[in-house]
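Each chain, written out:
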Amino acid sequence: MKFRPLHDRVLVRRIEQDEKTAGGIIIPDTAKEKPMEGEVVAVGSGARDETGKVVALDVKEGDRILFAKWSGNEVTLDGEELIVMRESDIMGILEGKNKKKKAA
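Bear in mind that the values here come from a model prediction, so they are computed numbers and not experimental data. (Residues numbered from 1 in each chain as written. Predicted model: local features only at pLDDT ≥ 70, side-chain atom pairs only at ≥ 80, totals over all residues. Heavy atoms only, no water.)

**A closer look at the overall build of the protein chain**
Put simply, the rule reads: Runs of H or I in DSSP of at least four residues are treated as helices and runs of E of at least two as strands, each being numbered from the N terminus. Each residue gets one of three labels from its accessible area relative to the maximum for its type: buried under 20%, exposed over 50%, partly exposed in between, using a 1.4 Å probe on protein chains only. We call two residues in contact when some of their heavy atoms are within 4.5 Å. For the accessible areas, the method is Shrake-Rupley and the probe is 1.4 Å, while residue cover comes only from the protein chains on display.
Each helix and strand in the protein chain was counted, giving zero helices and eight strands. Starting at the N terminus, the α and β elements of the protein chain follow one another as β-β-β-β-β-β-β-β. Taken across its 104 residues, the protein chain has 29% of its residues classed as buried. For the protein chain, long-range pairs separated by at least 24 residues make up 63% of all intrachain contacts whose partners lie at least 6 apart in sequence. With an accessible surface of roughly 7,700 Å², the protein chain has 51% of that area assigned to carbon and sulfur atoms.

This is how it looks when you write it as structure tokens:
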């Protein structure tokens, strides 16, 4: 199924964190918190300013982002859990070489 967010909304796939701590302790599923890191899957056309002009979003498909813990609305598309959120809920874009593998 194809999904295209409207206006200033962004579709995000959570990136799962490691199941072990740096010290080697395995974290059980019941103790894990939802990750606040994700990959942008799709973006809307942009928000409108006071004059009605469309302002493009700062994020694009493929960007790795950080967002607030309770941001957005969870949706399931084709059996995959994703989040639809406004661009203003995104705290920043992660840049650099240390890209982790996306969640299966």
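Structure's up, so let's keep going.
**Side note on the pairing of strand β5 (residues 64-67)**
Put simply, the rule is: By this definition, two strands are paired if DSSP reports at least two bridges between them.
With three bridges joining them, strand β2 (residues 37-43) and β5 adopt antiparallel strand pairing. Note on β5: the bridge partner recorded for Glu39 is Arg64. Where β5 meets strand β8 (residues 90-94), four bridges bridge the pair, whose relative direction is antiparallel. Within β8, the residue paired with Arg64 across the bridge is Leu94.

**With respect to the sheet that holds β5**
Sheet strands associate in pairs through backbone hydrogen bonding, adopting either a parallel or an antiparallel arrangement. Stated formally: In this analysis an axis means a line fitted to C-alpha atoms, helices contributing only their contacting stretch, and an angle means the value between N-to-C directions, from 0 to 180 degrees.
The six strands are arranged β6-β7-β1-β2-β5-β8 in an open sheet whose pairing can be described as antiparallel. Whereas interior strands pair on both sides, the edge strands pair on one side only; in this sheet they are β6 (73-77) and β8. Averaged over all pairs of adjacent strands, the angle between their axes in this sheet comes to 45°, without regard to strand direction. Pairing geometry for strand β1 (residues 9-14) and β2, over five bridges, is antiparallel. By the bridge assignment for β2, Leu11 is matched with Ala42.

**Side note on the pattern of salt bridges**
Using the following cut-off: For this analysis, a salt bridge means a side-chain nitrogen from Lys or Arg found within 4 Å of a carboxyl oxygen belonging to Asp or Glu.
Tallied over the full model, the rule gives six salt bridges. Arg86 serves as the salt-bridge partner of Asp8, at 2.7 Å between the closest nitrogen and oxygen. Here Asp8 is found in the segment before β1, whereas its partner Arg86 is found in strand β7 (residues 80-86), with 78 residues between them in sequence. Judged by its relative accessible area of 14%, Asp8 falls in the buried class. Of the charged contacts, one joins Glu37 and Arg64 as a salt bridge, the two residues approaching to 2.0 Å between their closest N and O atoms. Separated by 27 residues along the polypeptide, Glu37 in strand β2 and Arg64 in strand β5 bring together distant segments of the chain. Its relative accessible area of 12% is what places Glu37 among the buried residues.

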